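Working through the structure, step by step
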Amino acid sequence: GTDVATIEVVATGVLWTISVAPDPADEGETVTLTVEVTGVPTSTLYTLDVDWGDSTTTTGVAVPQSPLLPNVSVVSIPHVFADDQPVGADTFEIEVKLILHFGAFSGQLGASKTEEITLDNVAPTASIVVTPPAAAGGAFTFDAVIVEPGADAVDITWDFGDGVVVTGAPSTISHVFTGASVVTLTVTDDDGGVGTANVFVTPATAIGAGSGTEAAL
């Protein structure tokens, strides 16, 4: 087999910087890590290894040869942070290593560079799909349509407007009404972001004649 050694090397004439944008960013938003490397010769291969600080990594990203002017190679690496930190500060430290390869050997070029990014929570959005009862005096069925930009867990509460409130509820639920009522859906993510939706329901004695319309409250 072939023995591959990893060594730390120091090369002259190669400088590099990192930046990330946007900062702060929203959870679920694509951010871009930009690495600028000055003085990459045509005869040498450099790659980048990135630890995003959220238990994910990107490795082996090739650095192109630097053009004669302005002698800077620019690498843009996109990433999506699925969730902000549920506990503690909502910051992530990104660590980047520049790897120099020559022949059968490879080694990290100098020290790693780090950049912090702040991630903001984004509240979920909610809407309600209403299915009228199949029989007179029967139950309405409500389906919660939830859009959660991050990877947050959500808690669902249904308030049927008649004194009945169900917390920790499923996304689909049924309820029988004795009169017109406003139903409120509240969705809360694990960072405290809240989304709400309302519908006005009108029971009817005819089969399937009940209605549910969105309420602007």
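First, a word on what this report is: a plain description of the structure on this page. (Residues numbered from 1 in each chain as written. Predicted model: local features only at pLDDT ≥ 70, side-chain atom pairs only at ≥ 80, totals over all residues. Heavy atoms only, no water.)

Here we take up the pairing of strand β11 (residues 125-131). In β11, alternate side chains face the same way, and those of Ala-126, Ile-128 and Val-130 are buried while those of Thr-125, Ser-127, Val-129 and Thr-131 on the opposite face are not. Pairing between β11 and strand β12 (residues 140-147): 7 bridges, direction antiparallel. Looking at β12, one finds that Ile-128 is bridged to Ala-144. (Buried < 20%, exposed > 50% of the residue type's maximum accessible area, 1.4 Å probe, protein only. Helix = DSSP H or I, 4+ residues; strand = E, 2+ residues; numbered from the N terminus. Pairing = 2+ DSSP bridges.)

As defined by bridge partners, strand β5 (residues 45-51) adjoins strand β8 (residues 91-102) across 7 bridges and the pair is classed as antiparallel. By the bridge assignment, Val-50 is partnered in β8 with Val-96. As paired strands, β5 and strand β6 (residues 57-63) are joined by 5 bridges and run antiparallel to one another. Along β6, the bridge assignment pairs Thr-47 with Ala-62. In sequence, β5 turns back onto β6 through a hairpin of 5 residues, with Gly-53 there showing a positive phi of about 85°.

Let's shift gears to the environment of Pro-78. As for its position among the elements, Pro-78 is in strand β7 (residues 72-80). Those residues in contact with Pro-78 that lie beyond four places of it in its chain are Thr-30, Val-31, Thr-32 and Trp-52. (Contact = heavy atoms within 4.5 Å.)

Now for the packing of aromatic side chains. Under the definition given, this model contains 10 aromatic pairs. Centre to centre, the rings of Phe-140 and Phe-177 are 5.6 Å apart; their planes meet at 80°, and the pair counts as edge-to-face. Here the residue Phe-140 occupies a position in strand β12, and Phe-177 occupies one in the loop between β15 (172-175) and β16 (181-189), the gap between them amounting to 37 residues. With respect to class, Phe-140 is no different from Phe-177; both count as buried. Judged by centre distance (6.1 Å) and plane angle (70°), the ring pair of Phe-160 and Phe-177 falls under edge-to-face. Of the two residues, Phe-160 sits in the loop between β13 (154-159) and β14 (165-167) while Phe-177 sits in the loop between β15 and β16, which places them 17 residues apart along the sequence. An aromatic cluster of at least three residues, connected via ring pairs, comprises Phe-140, Phe-142, Trp-158, Phe-160 and Phe-177. (Phe/Tyr/Trp six-rings, centres within 6.5 Å; stacked < 30°, edge-to-face > 60°.)

What follows deals with the nonpolar core. Nonpolar side chains tend to gather and get buried jointly when the protein is soluble and globular. Ranked by size, the top nonpolar core spans 27 residues in total, and within it Leu-33, Val-35, Leu-48, Ile-94, Val-96 and Leu-98 carry the most contacts. Put simply, the parts of the chain that give this core at least two residues each are β2 (15-21), β4 (30-38), β5, β6, β7, β8 and β10 (113-120). Top element by residues in this core is β8. It accounts for 5 residues. Setting aside residues no more than four positions away along its own chain, Leu-33 makes contact with Ile-18, Ser-19, Val-20, Val-50, Trp-52, Val-75, Ser-76, Ile-77, Ile-94 and Val-96. (Core = buried A, V, L, I, M, F, W, Y, C linked by side-chain atoms within 4.5 Å.)

The next thing to look at is the sheet that holds β15. The sheet built from 3 strands is open, its strands ordered β11-β12-β15 with antiparallel pairing. Where the open sheet ends on each side, the last strands, each with one partner, are β11 and β15. With strand direction ignored, the average angle separating the axes of adjacent strands in the sheet is 25°. (Axes fitted to C-alpha atoms, helices over the stretch in contact; angles between N-to-C directions.)

What follows deals with unusual backbone geometry. Looking along the chain, the bond that leaves Ala-21 and enters Pro-22 is cis, with omega of -5°. Position of Pro-22 among the secondary structure elements: in the loop between β2 and β3 (25-26). A cis amide bond links Asp-23 with the next residue in sequence, Pro-24, at an omega value of 5°. Of note, Pro-24 is situated in the loop between β2 and β3.

On the surface, Asp-23, Asp-51, Glu-93 and Glu-116 cluster together to form a negatively charged patch. Looking at the element boundaries, Asp-51 is found in strand β5. Asp-51 sits in the partly exposed class, given a relative accessible area of 32%. (Patch = residues over 30% accessible without salt bridge, like charges linked within 9 Å, V, L, I, M, F, W, Y side chains within 5 Å. Areas by Shrake-Rupley, 256 points an atom, 1.4 Å probe, with all protein chains shown as cover. Salt bridge = Lys/Arg side-chain N within 4 Å of Asp/Glu carboxyl O. Lys, Arg positive; Asp, Glu negative; His and termini not counted. Charge placed at Lys NZ, Arg CZ, Asp CG, Glu CD.)

With that settled, the discussion passes to the sheet that holds β4. Taken in spatial order, the 3 strands of this open sheet run β2-β4-β7, and their pairing is antiparallel. Lying at the two open borders of the sheet, with one neighbouring strand each, are β2 and β7. When strand polarity is set aside, the average angle formed by the axes of neighbouring strands in this sheet is 15°.

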